[in-house]
Amino acid sequence: MLTFSIQSIDEDPCPDRPAGDPVIPLQQQKGRLSRPMQQLYAMPGHLVRRIHQISGAIFAEEIGDHDLTSVQFSALYTIRASPGIDATRLSALIAFDRSTIGGVLERLEAKGWVVREPAPGDRRKKQLRLTADGETLLRDVEEAVARVQERLLAPLPPAERTTFMRLLSKLTRLHEEERSWTLPGES
């Protein structure tokens, strides 16, 4: 049987939360939770996956009819910041596996937002650039993307937002520095 114990099951990490109010989704609090379910809701991996789902849902709501995913936004944003970047470097910068970045780029190209051009000196390598439509799209969604970030952190008081971002950045950096793991498709 899987067991997982961390102090957050019994200790409240948010001092302004009513005493005894567990850190679990509101809809799950209506019934009494078994110990295994309490353990699941206390697992960092589960919580990271859940907040990723919430972030994706907020992104979809804010972006609306632009037919844009968060990965596509990251790719477009990075290509705008680094015109002429190649797919390998792009996948590294946005932490997306190389085996699927090609599909993302194909969709962006099909939508008319990106062009791939042979690199001078190495025609096998393709440089990526935004089209005028890609530039326009990014300008059109900038405010919506800013709202996504605001909405995602809105439930936290300002000081906790800063702490959360600092710790999330630190955890990400430490795992990236360790690199005892690879993204799918990396060798």
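Residues numbered from 1 in each chain as written. Predicted model: local features only at pLDDT ≥ 70, side-chain atom pairs only at ≥ 80, totals over all residues. Heavy atoms only, no water.

> Looking at this structure, I do not really get the nonpolar core. What am I missing?
Here is a general trend for soluble globular proteins: nonpolar side chains tend to be buried in one another's company. Formed by 25 residues in total, the largest nonpolar core has its most connected members in Leu68, Leu76, Ile79, Leu90 and Leu108. Sorting the residues of this core by element identifies α2 (44-63), α3 (70-81), α5 (98-110), β2 (122-130) and α6 (132-153) as the ones contributing at least two each. Examining the composition of this core, we find that six residues originate from one element, α6, more than from any other. If sequence neighbours within four positions are ignored, Leu68 has contacts with Phe59, Ile63, Phe73, Leu76, Trp113, Leu137 and Val141. (Core = buried A, V, L, I, M, F, W, Y, C linked by side-chain atoms within 4.5 Å. Buried < 20%, exposed > 50% of the residue type's maximum accessible area, 1.4 Å probe, protein only. Helix = DSSP H or I, 4+ residues; strand = E, 2+ residues; numbered from the N terminus. Contact = heavy atoms within 4.5 Å.)

> Honestly, helix α7 (residues 158-178) in this entry has me stumped. Any pointers?
One turn of the α-helix equals 3.6 residues, which is why residues spaced by three or four share an orientation. Spanning 21 residues, α7 covers 30 Å between terminal C-alpha atoms, matching the ideal 30 Å at 1.5 Å per step. Two residues or fewer past α7, Arg179 is found with a positive phi of approximately 45°. (Expected span 1.5 Å × (residues − 1).)

> When you look at unusual backbone geometry in this model, what are you seeing that I'm missing?
In terms of backbone geometry, most residues other than glycine have negative phi values and most peptide bonds are trans. Residue Asp67 is not a glycine yet carries a positive backbone phi of 55°. Checked against the element boundaries, Asp67 lands in the loop between α2 and α3. Residue classification places Asp67 among the exposed positions, given a relative accessible area of 51%. Positive phi values are uncommon outside glycine, yet Ala95 reaches one of about 55°. Along the chain, Ala95 falls in the loop between α4 (87-93) and α5.

> Can you help me understand the environment of Leu47 in this one?
You can see Leu47 is positioned in helix α2. You can call Leu47 partly exposed: its relative accessible area is 36%. Discounting chain neighbours no more than four positions away, the residues touching Leu47 are Tyr41 and Ala42.

> Just to check I follow, could you spell out the packing of aromatic side chains for this structure?
Any aromatic ring pair is given by two values, namely how distant the centres are and how the planes are angled relative to each other. Under the criterion given, the structure shown has two aromatic pairs. A centroid spacing of 6.5 Å and a plane angle of 55° characterise the contact between Phe59 and Phe73, whose relative ring orientation is tilted. Of this pair, Phe59 sits in helix α2 while Phe73 is found in helix α3, placing the two residues 14 residues apart along the sequence. Exposure remark for Phe59: the relative accessible area of 7% places this residue in the buried category. For the ring pair Phe73 and Tyr77, a centre distance of 5.5 Å and an interplane angle of 40° mean the geometry is tilted. One end of the pair is Phe73 and the other is Tyr77, both in helix α3 and four residues apart, which spans about a single turn. For Tyr77, a relative accessible area of 44% gives the class partly exposed. Through successive ring pairs, a cluster of aromatic residues spans Phe59, Phe73 and Tyr77. (Phe/Tyr/Trp six-rings, centres within 6.5 Å; stacked < 30°, edge-to-face > 60°.)

> I'm lost on the pattern of salt bridges in this one. Help?
Side-chain pairing between opposite charges can occur once the charged atoms of the two side chains come close. Counting across every chain of the model gives 10 salt bridges. For the salt bridge of Asp86 with Lys125, the shortest nitrogen-to-oxygen distance reads 3.4 Å. Of this pair, Asp86 sits in the loop between α3 and α4 while Lys125 sits in strand β2, placing them 39 residues apart in sequence. Through salt bridges with shared partners, a single ionic network connects Glu61, Glu62, Arg147 and Arg151. (Salt bridge = Lys/Arg side-chain N within 4 Å of Asp/Glu carboxyl O.)

> I tried to follow the side chain of Thr131 on my own but got confused; where do I start?
Here Thr131 is to be found in the loop between β2 and α6. In terms of polar contacts, Thr131 uses its side chain to reach the backbone carbonyl oxygen of Gly112, at 2.5 Å. Of note is the side chain of Thr131, whose polar atom sits 3.0 Å from the backbone nitrogen of Gly134. (Polar contact = N/O pair within 3.5 Å; in protein donor to acceptor, adjacent residues only side chain to side chain.)

> For this particular structure, what's the right way to read the confidence of the model for the chain?
Reading predicted coordinates in detail is not appropriate for stretches of low pLDDT. On average, the chain scores 83 in pLDDT, and the residues at 70 or more come to 79%. Low pLDDT (under 50) marks residues 1-15, which in the prediction has 22 contacts with non-local residues, meaning those over four places away or in another chain. The low-confidence segment residues 17-22, where pLDDT is below 50, has seven contacts with residues more than four positions distant or belonging to other chains. (pLDDT = per-residue confidence, 0-100.)

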